[in-house]
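# Chains, contacts and geometry: an overview
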Amino acid sequence: MARETALDLRTRLQEWIPKLVLAPSVAVMLVFVYGFILFTAFLSFTDSKILPSYGLVGWHNYWRLFQLPTWSLAIENLAIFAALYIVICSVIGLTLAILLDQKIRGEGMLRPIYLYPMALSFIVTGTAWKWLLDPGIGIEHTLHLWGWTSFHFAWIKESDFAIYTVVIAAVWQTSGFVMAMFLAGLRGIDNEILKAAQMDGASNWNLYRRIIIPQLRPAFLSAFVILAHLAVKSYDLVVALTGGGPGRATELPATFMYSYTFTRNEMGVGAASAVIMLMTIAAIMVPYLYAELKEPK
Amino acid sequence: MRGYLGKTLTIAAMLAMSAGIARADGSVEVLHWWTSGGEAAALNVLKQDLQKEGIGWKDMPVAGGGGEQAMTVLRARVTAGDPPTAVQMLGYDIQDWAKQGVLANLDDIAAKDGWDKVVPAALQKFSKYDGHWIAVPVDVHSTNWVWANKKLLDSLGIAQPKTWDDFVAALQKVKDAGKIPLAMGGQPWQEATMFDGVVLSVGGPDFYKKAFIDLDPAALGGPQMVEAFKRMDQLKGFVDPNFSGRDWNLATAMVIKGDAAFQMMGDWAKGEFLRANMKPGVDFMCFRTPGTDGDVTFNSDQFVMFKVGKDQQAAQNAMAEAVMSPSFQSSFNVVKGSVPARTDVPDTAFDDCGKMAMAQLKQANDKGTLLGSMAHGHANPAAVKNAIYDVVTANFNGDYDAERAAKELVKAVALAQ
Amino acid sequence: MSAVSQGTAVSTGRFTRVLIHVTLLVFALFYLLPLVVMLINSVKPLGEITGGNMMALPKVWTIQPWLEAWSTAQIGVQPTGLRPYFINSIEMVVPAVAISTLMGALNGYVLTKWRFRGDTVLFGLMLFSCFIPFQIVLIPMARLLGLMGLAGTVPGLIFVHVVYGLGFTTLYFRNYYAAFPTELVRAAQIDGAGFFRIFTRILLPLSGPIIVVTVIWQFTNIWNDFLFGSSFSGQASQPMTVALNNLVQSSTGVKAYNVHFAGAILAALPTLFVYIVSGRFFVRGLMAGSVKG
C-alpha cells in the first residue's frame, strides 16, 4: 500500500542519511590524502628535482636516502623526541587536568595561561626560547647574576643534548592543550559513580586509578594521536630553536623532508623519505589503532 | 591524475592557464623576500619608478631562510598554472627553473639596452639560459669579507692583517687580551660563508673553481681542501663557546660593541655597522679575507621573468628595463650594502667600503677571478651546496677532523649529483 | 549537587588543596616565562636588546615597537604593519573552523551512534590521514586547486584547511560521543526523532567541552599555518602568518627583535581571545549536561 511504501522509503532514507553525511569526508580523504600518498610513492621512484618529472629511476632515491648520515640521525632524533614528548606531555596534561578539576577558584584564569603557548607562532616564540636556553644570555646567565655561579645549563649548545631542549619547548607549547583534552574528558564523567565509590570508602588515589582514568581511554587515544602527529610534524620548533644544529644534531625527519623536497631541489629523495616515514608511522599506529578500535565484545 | 601526464603536457596546460587568468592591465606581480626595513624600502623605489610609467605593482613578499620559503611558494604557483610576473632568485635556482621551460625571453630589450656589455660575464652565466636573457640582476653581494672593530684593534696595536698568518696572529693577540677574537653565528650557511673565504685563501681562484664549480673530486678531497678544513679548525679555536645557533647580526653586534674583534661575513653586515652610527675606516674596518685580495666570491639577486600572457609582456619588459637602469642600480645598492650589477654605474653615492667593493668587482671581472659563492648557491646547484653545508658544519662542530671532512666532502658531493 | 557547579565530586583535604594550588601556580610560571621575555623585550629600544642583557627590565620603556608592528613596519615594499592582514586571516579562519567542526561533529555522531559495517575501518583511515606530511601535499594540491579555479583565493584556502582538519575534528567528536549513552539516542529514535533532530536536540547541547577543544585546535592550527597560507594565497589574500613571517624573517637585513616580539603577541591576540571566550563553554557544557549530576 502507498502508506506503507512511503513509510518504508522514510526508514530507508533514515538508514541512508548517516552514510550520505559521512560520504563527502570519505571522498575528500580518499583523494586528498590517500591519492596524494600514492602520488608521492610514485614520485619516489622518479628523477623529480625541482618539480615532479616522470622519468623512472627504480630504487635509486631510496638507495641514496640510506647513504645520508643526516637521515639516520633524523630518525634517531625522532625516536628520542617523540617518546619523551608524548610521555611528558600526557603526564603533565593529565596531572594538570586532574588538579584543575578540584574546584579550583582560579580555573578561568589558569586555563588560558596553560593554553596560550599554542596560540603563539613558534617562528617568534622560538627566539624567546633560544635566548632563555642560551647560557650566555638566558637562564644560566641570569642565575649567575643572582649569585648561583655554579649553575650550568648549556644543552642547546651541546650536540648530544640539544634535542632535549627541543623537547622542553615542545612540551611547553602543547601540554596545555593536552590538559584541555583531558579536562573535557573528566567533565564528561558521571559524578554519581564517583559519589557511590566514595561512599564505599574508596581512597582518592584508588578512585582515580580504578574508576576515572580508565574512563578517559578515548581521551588518551585522542591525546596520543595528536601528540604523535605533532611529534612527527615538528618543524617550526626545530627551525626556530636550533635550526637543526649544532651542526645537524637536531635534524628531524620533518625538517629533512622539507629541505630535500623544497630547498635542495631533490624531490625524489624527499618523496622517498616521506614514504619511509609514512610506513614507519603505519607500523606503529596500525597495531595501536587496531587494539584501540577493536569491538569490545 | 597528474602522474600520468607528460611533462610537456603539464607545462602546456600551465601556460594555457596562465594566459587565461585575467590580470589588471599593465601590472607586475613580484614574488620576493626583501621584507626587512632597508631592503623593502629600497625595492619600493622600483615600485615608484614603475608607477611613473603607469605600471601597477602587486606585491607578493614571502620571507624566510634566504628565499627558501619563496621558492616553495613559487613551486605551488607554477604548478597551479599561475606564476608571478617576476621572482627574486639566486644563482643555480635560476638555471633549474629555466630548464622547466617556464621563463620569458628578454633578448629584445637586452639587445636594445646593450646588457651584454655592462653586466659582468660571471653574472650573465646566471641571467642567461641557452644564450637567451631570462633574468635581470639587481645587485652583487660578496662574501669574502672580514669586518673589524677598529677601536678595539687600535687599542691592542693590531694592524689590518694582510696574510693568513697575520690574521691568525691577530686573532691570537685578541684572545690573549681576553676578548672574543672572532664573532660567529653557528648556522650552516654562516659557517659556509666563512668557508668560501677560507678555501679561496688556501688555493686561490683556480683551486676554488676546480673544487666548487667543476666539483673535481681530486680537488675536493685533496691536500688543499684538508688545509682549508684545518684553517676552519683554527678559526673554531677563536670563537666563543656560545656561538652555535646565533643569528649573524647578533654576531655583528658583538663586533660593534667591542666584545669581539672580527667577523667573517658578507657585505650585508655593513648595514648593521652603519645603523649603529659607525663610520667605515674610522670606527670599523672592511677588508677581504686575508689571502684573497683581488678575488671576489659573489652572489647576485636577480629578478627572473616568467612567461606571462601577451597583455602583460609590456609591463614585464618595462620592469626589466627599470631594474637595469643605472639610477635604480645605484640607489638600491647604496641602501642594500651591495654593489650594482653593471660595471658602468658611478660610485659617487657609495661609502668607502662600497667604493672599494665596486673597484674590486671591476678588477676581478677583468681578471676572471669573479667567482660564484658556494655558500650562496652561485657555484653549484642547491643539492650540492647543501651537501657541502652538511660536511662544513659537521667539521666546524667537531664531528669530523680535517682529513675525514675532506673525504666526506667527496662522498657527499658525489651523492648529491 | 553542590553549589560549585564545576569540578569533580572527589573531595580533598586542606593540606592537599594547598599543595594543588602551589603546583598549579608553579606550572603557570613555567608557561608564562617565555611570554615575559617577549613582553619585556617588546617595550625596549632595540639598542638595549642587542647591546645588553636580554633578560633585564627595560631602562627606557617604549611602546614604539608595538605601534610599528601594528601599522608601520615593513611587510613588503610598503610599510603597512600587520594591520591589513588580520582581516585576510579572519575571512579564512572563521568559515574553515566552522565547516570543519560541524563536519567533524556529524562524522563523530555517525561513527558512534549510527554504526554500519566497515565504519571502524573508515575511522582508522581518517585517523591515519592526520599523519600525512604537508610537504607531500603541496604540489598535487596546487595542481588540483589550479584545475578547480581556486588557486590563490580565499575559498581555496578554506577548502585546504577543511580537508586536512577533518581527521582531527572527527577524532575529537567520535571519542567524545563514544562515551555518550547510546540508550538516549535509541529512546529518541523510538519516539520518532530523525537523524538530524537527535543530533541537534540531544548530542549538540551536551558537546560544549569538546566543541571548545575542537575549535581551539582548529582555530590555532589554521590561524598559525604558514605553509598553506603562503603557497595557496594570492597577493590580496595573504594571511597574517605570512605577514608576521615577513616581519621577522630576513636573512640579510636588520632584525628588530622588539618589533618582532610585539608583532608575535599581536598576531596571537585573536587566538587568545578565542581561548578565553570559549573557556566559558567548558563550564556551560557541563551545567546544561545531564551526564554529570
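It should be noted that the structure appears before, not after, this text.
Now for a look at the structure at hand. From a predicted model like this one, the values you see are computed outputs, not experimental measurements.

With that out of the way, let us pick up helix H10 (residues 217–233) of chain A. A rise of 1.5 Å per residue sets the reference length of H10(A), with its 17 residues, at 24 Å; its end C-alpha atoms lie 24 Å apart and thus fit the reference within 8%. Buried residues of H10(A): A:Pro218, A:Ala219, A:Ser222, A:Ala223, A:Val225, A:Ile226, A:Leu227, A:Leu230, A:Ala231, A:Val232 and A:Lys233, and no others. For H10(A), the elements touching its buried residues are helix H3 (69–100), helix H7 (162–187), helix H12 (253–263) and helix H13 (267–293) of chain A together with helix H5 (119–129) and helix H7 (154–178) of chain C.

Residue and element names in this part refer to chain B. Interhelical geometry of helix H10 (residues 188–213) versus helix H12 (residues 223–236) gives an angle of 170 degrees and a closest axis separation of 8 Å. Taken together, the axes of H10 and H12 are roughly antiparallel relative to one another. Taking contact as the criterion, the partners of Met194, Phe195, Val198, Val199, Val202, Gly203, Phe207 and Ala211 in H10 are, on H12, Gln224, Met225, Glu227, Ala228, Arg231, Met232 and Leu235. Looking at the contact of H10 with H12 residue by residue, the classes come out as 11 nonpolar, two polar and two charged.

Bringing the packing of H3(A) against H10(A) into the picture now. Residues and elements named next belong to chain A. It is the contact of H3 with H10, at a shortest axis distance of 10 Å, that shows an interaxial angle of 140 degrees. Overall, the two elements H3 and H10 adopt an arrangement that is oblique. Considering the relative orientation of H3 and H10, their crossing is right-handed. Contacts from Phe81, Ala82, Tyr85, Ile86, Cys89, Ser90 and Gly93 in H3 reach Ala223, Phe224, Leu227, Ala228 and Ala231 in H10.

Attention now moves to the interface of chain A and chain C. Every contact between the two is made by 88 residues of chain A and, on the other side, 81 residues of chain C. With 16 residues, helix H1 (residues 2–43) of chain A is the largest single contributor of residues to the side of chain A that touches chain C. Considering only residue class, the side of chain A that touches chain C consists of 60 nonpolar, 18 polar and 10 charged.

What links the strands of a sheet is backbone hydrogen bonding, and the strands pair in either a parallel or an antiparallel sense. All names here are of chain B. Taken in spatial order, the three strands of this open sheet run E7-E12-E14, and their pairing is mixed. With partners counted over all chains shown, the strands left at the sheet margins are strand E7 (141–142) and strand E14 (370–372), one partner each. One ladder, built from three bridges, connects strand E12 (residues 296–299) with E14; its direction is parallel. Bridge pairing in E14 links threonine 297 to leucine 371. The strands touched by H10 within the sheet are E12 and E14, with E14 carrying the most contacts at an inclination of about 75 degrees.

So, how was this worked out
Residues numbered from 1 in each chain as written. Chains lettered and ligands numbered in written order. Predicted model: local features only at pLDDT ≥ 70, side-chain atom pairs only at ≥ 80, totals over all residues. Helix = DSSP H or I, 4+ residues; strand = E, 2+ residues; numbered from the N terminus. Expected span 1.5 Å × (residues − 1). Buried ≥ 20, exposed ≤ 12 C-beta atoms within 10 Å, placed from the backbone. Contact = placed C-beta atoms within 7 Å. Axes fitted to C-alpha atoms, helices over the stretch in contact; angles between N-to-C directions. Parallel < 35°, antiparallel > 145°, perpendicular 65-115°, else oblique. Nonpolar A, V, L, I, M, F, W, Y, C, P; charged D, E, K, R; others polar. Left-handed = near helix turned anticlockwise from the far one by under 90°. Pairing = 2+ DSSP bridges.

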